[in-house]
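Given next are the chains, with one letter for each unit.
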Amino acid sequence: MTHTSTPPTAKGVCVAMVLFLLNVTAAFVVFPRATFSSSSSFATQDDSDSDIDDSTITLGLTGDAKQNKEFMDLLSKHETLGMLGITLDSVELSLDHFADQVDVVDAACFASSEAVNEWLENIDAIVNGVIDEDERINGNVVAVCLSKDIANTCLQSGRWESRNIYYPKGDNSDISLWVDSAVQALGDVNERRFWGGGW
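(A) Region of interest: the packing of aromatic side chains. Here the structure, examined in full by the defined rule, presents four aromatic pairs. Residues Phe-110 and Trp-119 carry aromatic rings whose centres are separated by 5.9 Å and whose planes lie at 80° to one another, so their mutual orientation is edge-to-face. Each member of the pair, Phe-110 as well as Trp-119, is classed as buried.

What follows is the structure in structure tokens.
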């Protein structure tokens with residue numbers, strides 16, 4: 001049996017050329033690096049001097065100072081985050097200034113189930129009497145959880161849809177895996193902003 005080849009059509013040649021050019025172009029793409037700023041005491045910032053704007057994604061940190069530092073150090077070195085080209089800010093959440101902070105937080109990083117419960121209690125205190133009980137909210141943030149158990153606390157609260165809860169696979173509370181989950185969450189937040197919502 002013999003196979004005969006047919007001459008390429010004009011359409012086939014065009015498709016081949018486009019694919020070739022895309023491959024060549026991809027070899028020379030330079031991804032922008034993410035830029036970071038950190039607000040150790042957000043409440044002391046003057047709004048007129050703040051670098052936070054609509055293009056900034058802000059992480060709310062609920063761990064202790066040492067844990068937050070380790071988390072942000074690992075996050076700043078994460079290769080995938082660098083490809084997102086986002087402006088990232090962080091704020092260590094404070095009970096005294098929570099009402100101001102929650103307005104800018106896009107992703108809350110929960111280091112414990114207690115932190116989830118405290119977050120929701122503070123949200124309820126802010127919106128007390130403003131919304132109905134069946135409209136209880138989470139502050140319009142995605143939840144980035146250190147472990148599956150903490151993620152389950154978020155889910156069981158009824159405040160988050162499962163697609164807005166991020167956590168490492170398995171039961172190991174490893175900060176580097178938590179950072180991986182944060183990068184995924186930040187990418188999704190960035191994409192949803194680009195497409196205009198979708199929470």
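(B) Looking closely at the pattern of salt bridges. Scanning all chains against the criterion turns up four salt bridges. Residue Arg-193 is joined to Asp-106 by a salt bridge in which the shortest nitrogen-to-oxygen separation is 2.9 Å. Residue Arg-193 is found in helix 7 (residues 175–195), and its partner Asp-106 is found in the loop between helix 4 (98–102) and strand 4 (107–110); the two are separated by 87 residues along the sequence. Using a relative accessible area of 31% as the deciding quantity, one classes Arg-193 as partly exposed. Residue classification places Asp-106 among the buried residues on the basis of a relative accessible area of 12%. Two residues, Arg-163 and Glu-161, come together in a salt bridge whose shortest N-O distance is 3.0 Å. By relative accessible area, Arg-163 is classed as partly exposed at 40%.

(C) Quick peek at unusual backbone geometry. A positive phi angle, near 60°, is found at Asn-140, a position not held by glycine. For Asn-140, the location among the structural elements is in the loop between helix 5 (113–127) and strand 5 (142–145). The exposure class of Asn-140 is exposed, given its relative accessible area of 52%.

(D) The arrangement of the nonpolar core in detail. By size, the foremost hydrophobic cluster in this structure holds 43 residues, and its most contacted members are Leu-59, Phe-71, Leu-75, Phe-110, Trp-119 and Trp-160. The dominant element in this core, judged by the number of residues it contributes, is helix 7, at eight residues.

(E) Seen up close, the packing of helix 5 against helix 6 (residues 148–156). For the pair helix 5 and helix 6, the least separation of the axes is 8 Å and the interaxial angle reads 25°. When the axis of helix 5 is compared with that of helix 6, the two are roughly parallel. The two elements helix 5 and helix 6 meet at a crossing, and its hand is right-handed. Between helix 5 and helix 6, the residues in contact are Ser-113, Val-116 and Asn-117 and Asp-149, Ile-150, Thr-153 and Cys-154, respectively. Counted by class, the contact of helix 5 with helix 6 contains three nonpolar, three polar and one charged residues.

(F) Representation of the pairing of strand 5 within the structure. Every second residue of strand 5 is oriented toward a common face, with Val-142 and Val-144 on one face and Ala-143 and Cys-145 on the other, all of them buried. With four bridges joining them, strand 4 and strand 5 adopt parallel strand pairing. Note that in strand 5 the partner of Cys-109 across the bridge is Val-144. In terms of strand pairing, strand 5 meets strand 6 (residues 165–166) through two bridges, oriented parallel. Note on strand 6: the bridge partner recorded for Val-144 is Tyr-166.

(G) View of the environment of Ala-107. One can find Ala-107 in strand 4. In this structure Ala-107 comes out as buried when scored by relative accessible area, which is 0%. Remark: the alpha-carbon pair of Ala-107 and Ala-182, spanning 75 residues in sequence, is separated by 8.3 Å.

Calculation notes
Residues numbered from 1 in each chain as written. Predicted model: local features only at pLDDT ≥ 70, side-chain atom pairs only at ≥ 80, totals over all residues. Heavy atoms only, no water. Phe/Tyr/Trp six-rings, centres within 6.5 Å; stacked < 30°, edge-to-face > 60°. Buried < 20%, exposed > 50% of the residue type's maximum accessible area, 1.4 Å probe, protein only. Salt bridge = Lys/Arg side-chain N within 4 Å of Asp/Glu carboxyl O. Helix = DSSP H or I, 4+ residues; strand = E, 2+ residues; numbered from the N terminus. Core = buried A, V, L, I, M, F, W, Y, C linked by side-chain atoms within 4.5 Å. Axes fitted to C-alpha atoms, helices over the stretch in contact; angles between N-to-C directions. Parallel < 35°, antiparallel > 145°, perpendicular 65-115°, else oblique. Left-handed = near helix turned anticlockwise from the far one by under 90°. Contact = heavy atoms within 4.5 Å. Nonpolar A, V, L, I, M, F, W, Y, C, P; charged D, E, K, R; others polar. Pairing = 2+ DSSP bridges.

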